[in-house]
Each structure stands twice: as C-alpha cells, then as structure tokens.
Amino acid sequence: MSNVATTEDHYTSTGVDNRKLMMWIFLGSDCLFFGAFISTYLVYRNRSLAGPYPNEILDIPITTVSTFVLLMSSLAMVMGLSYVQQGRQVLGRYWTLATALLGMVFLGFQVYEFSHFAHIGLTPRTNIFGTTFFTMTGFHGAHVTFGVLWLLIFAYSRLAISFKNKMLIIASFISVVVAMAGLMMTETLDVIPHMPFSIAMAVTAIGIIGTITSLYLLKSPDTQPEIVSKEEGNLELAGLYWHFVDIVWIVIFTVVYLVSAKDGAPLL
C-alpha cells in the first residue's frame with residue numbers, strides 16, 4: 001500500500017516530489033548557463049573597440065519599469081498559487097493569467113528595446129557588447145516566453161473546464177497581443193514603422209477592449225473547489241520556474257544596467 005501511495009503522490013526516497021526534484025535539477029543546470037553568460041559579459045565588459053557603447057544607448061528608467069513589471073508578476077504568481085490551494089478557481093485563474101499578462105508586457109518592453117538598439121546601430125554583430133548583451137538578454141527572454149506559454153496552457157487546461165471559458169482564455173491572450181501590437185505601431189515606440197496614428201490607436205483600443213471583455217466574462221467558476229485545489233502541485237512547479245526567471249533578471253539588470261551603465265570606449 002505504501003508503494004502505491006508513493007507512486008500516486010510522486011514522492012521519491014528523498015521525501016521530495018520527484019517532479020519538484022527534477023525542476024530543481026533543471027534550474028540548477030540553468031544556473032550554469034546563465035552564470036556562463038553573465039561571466040562572459042563581465043570578462044569582456046568595456047572591451048568593445050567600436051560603438052555604440054552602454055553609456056550611449058542603455059535607458060535605465062524604461063528598463064526599471066520593465067523590471068518592476070516582472071517583479072510584480074512574481075507577486076501575482078504567489079497570489080494565484082494561494083487561491084488555487086484554497087480551491088478558489090476564479091481568483092486562481094485571474095491571478096495566473098495576470099502573471100502571464102505581466103510576463104507578456106515585460107517581453108513587449110524587450111521587443112521595443114531590441115528594436116530601438118537595432119535602429120541606432122547595435123546588433124549582435126556590431127561589437128563585443130552587442131554580442132554578449134543580446135545573447136544573455138535574449139536567452140532570458142526565451143525563458144520568459146516559455147513561462148508565459150506554460151501559464152497560459154495551465155490556465156486553459158486546468159483552470160477552465162467549459163469550452164466557453166477555454167475560448168475566453170485564448171481570446172484574452174490574442175487581445176493582449178493585439179493591444180501590444182497597436183502600441184508598437186505608434187510613432188513613440190516605432191517598432192512597427194510607417195503606420196498611421198489612427199490605425200495604431202484603433203488596434204490598441206480593440207486589443208484593450210477585447211482583453212477587458214474576455215477577462216470579465218471569465219468571472220464564473222465551472223468546476224468544484226476540490227478539483228481546483230488538486231492542481232496546487234502543478235502550479236507550484238510553474239511558480240518555481242517563474243521565480244527563478246525573475247531572480248535571474250535581477251542579476252542581469254544589476255550587472256548590465258546598473259554596474260556597466262556608464263561604460264564607454266575602452267582606455268587603450
């Protein structure tokens with residue numbers, strides 16, 4: 001009987017859920033990757049022979065806002081896990097989607113930053129700073145993208161039972177993408193250039209209205225609290241991954257945007 005219970009509960013001889021143990025092993029290996037990228041950036045810091053240099057292009061205020069957004073997503077994750085543990089489906093669903101939404105906003109900031117840097121001449125081929133910067137932040141952005149997709153799939157498959165609610169989750173995701181695309185069309189951001197202001201505002205408005213409407217219609221539960229609370233372990237795994245991604249970004253933000261923000265041409 002004890003062997004059967006152990007198998008059903010996913011526990012190993014260490015007393016730790018085997019899925020959680022594998023997640024910790026994965027995150028440990030990921031630390032090696034990020035450690036290598038950050039170390040490489042520091043080793044080659046301030047060695048670019050051609051510009052643009054960090055002190056010419058890094059925008060600390062904008063990146064501070066995006067960092068705040070990502071940190072708030074960790075709070076949303078904690079709230080989502082708490083409500084799922086309590087079996088409160090609607091609030092758990094909302095906070096899980098909020099985590100994914102904030103992650104998408106962070107990615108939007110990153111798309112703008114990459115586009116802006118490319119416009120002023122910084123690409124991975126430009127200099128050593130460009131190579132190390134885009135490799136490290138791009139690798140982190142890929143992790144955030146995977147986390148967003150994980151949370152959206154979890155909300156779709158585990159926190160929505162009815163076809164209506166599943167479609168509303170998809171609609172909310174599409175609406176956010178549309179709203180962000182509209183903002184990218186504006187002359188201020190100019191990620192998608194040569195678009196009339198009226199079209200940019202119309203696309204943004206459609207996305208915002210669609211997001212609000214779809215989220216509002218998700219207010220009704222469609223399963224029992226006992227079923228929702230059983231998903232605690234699955235969401236906790238996603239939470240471990242998400243918090244790790246946030247912590248890594250704090251290190252990257254400190255190293256790149258704070259420590260080396262005033263780096264210019266090397267002293268030969």
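Residues numbered from 1 in each chain as written. Predicted model: local features only at pLDDT ≥ 70, side-chain atom pairs only at ≥ 80, totals over all residues. Heavy atoms only, no water.

Asker: Got a minute to help me understand the nonpolar core in this structure?
Answerer: Grouped burial of nonpolar side chains is what soluble globular proteins tend to show. One finds Val148, Leu235, Ile252 and Val256 to be the most contacted residues of the largest nonpolar core, which totals 51 residues. Among the secondary structure elements, those contributing two or more residues to this core are α2 (18-43), α4 (60-85), α5 (89-119), α6 (128-158), α7 (163-185) and α10 (232-259). No other element matches α10, which puts 15 residues into this core. Sequence-distant contacts of Leu235, that is, excluding residues within four places in its chain, are made with Met77, Gly80, Leu81, Val84, Thr96, Leu151 and Phe154. (Core = buried A, V, L, I, M, F, W, Y, C linked by side-chain atoms within 4.5 Å. Buried < 20%, exposed > 50% of the residue type's maximum accessible area, 1.4 Å probe, protein only. Helix = DSSP H or I, 4+ residues; strand = E, 2+ residues; numbered from the N terminus. Contact = heavy atoms within 4.5 Å.)

Asker: Is there a simple way to think about the side chain of Glu231 in this case?
Answerer: Here Glu231 is to be found in the loop between α9 (225-229) and α10. For Glu231, a relative accessible area of 10% puts it in the buried group. Polar contacts involving the side chain of Glu231 include one to the side chain of Asn234, which spans 2.7 Å. Filtering out sequence-adjacent residues up to four positions away, Glu231 remains in contact with Val84, Phe154 and Arg158. (Polar contact = N/O pair within 3.5 Å; in protein donor to acceptor, adjacent residues only side chain to side chain.)

Asker: Which parts of the structure should I look at to understand the packing of aromatic side chains?
Answerer: As enumerated under the stated definition, the model contains 18 aromatic pairs in all. Taken together, a centroid distance of 5.5 Å and an interplanar angle of 55 degrees make the contact between Phe117 and Phe133 tilted. With a gap of 16 residues between them, Phe117 in helix α5 and Phe133 in helix α6 connect regions that are remote in the sequence. Here Phe133 falls in the buried class, since its relative accessible area comes to 0%. Every member of this aromatic cluster is reached through a ring pair, and the members are Tyr41, Phe106, Phe114, Phe117, Phe129, Phe133, Phe134, Trp249, Phe253 and Tyr257. The residue whose ring lies beneath Lys166 is Tyr156, and the NZ or CZ to ring-centre distance is 4.5 Å. (Phe/Tyr/Trp six-rings, centres within 6.5 Å; stacked < 30°, edge-to-face > 60°. Lys NZ or Arg CZ within 6 Å of the ring centre and 35° of its normal.)

Asker: Would you take a moment to explain unusual backbone geometry for this structure?
Answerer: Glycine aside, the phi torsion of most residues is negative, and most peptide linkages are trans. The backbone of Asn46 shows a phi angle near 60 degrees, a positive value even though the residue is not glycine. Following the sequence through the fold, Asn46 ends up in the loop between α2 and α3 (54-57). A positive phi angle is found at His194, which is not glycine, with a value near 60 degrees. For His194, the position within the fold is in the loop between α7 and α8 (197-216).

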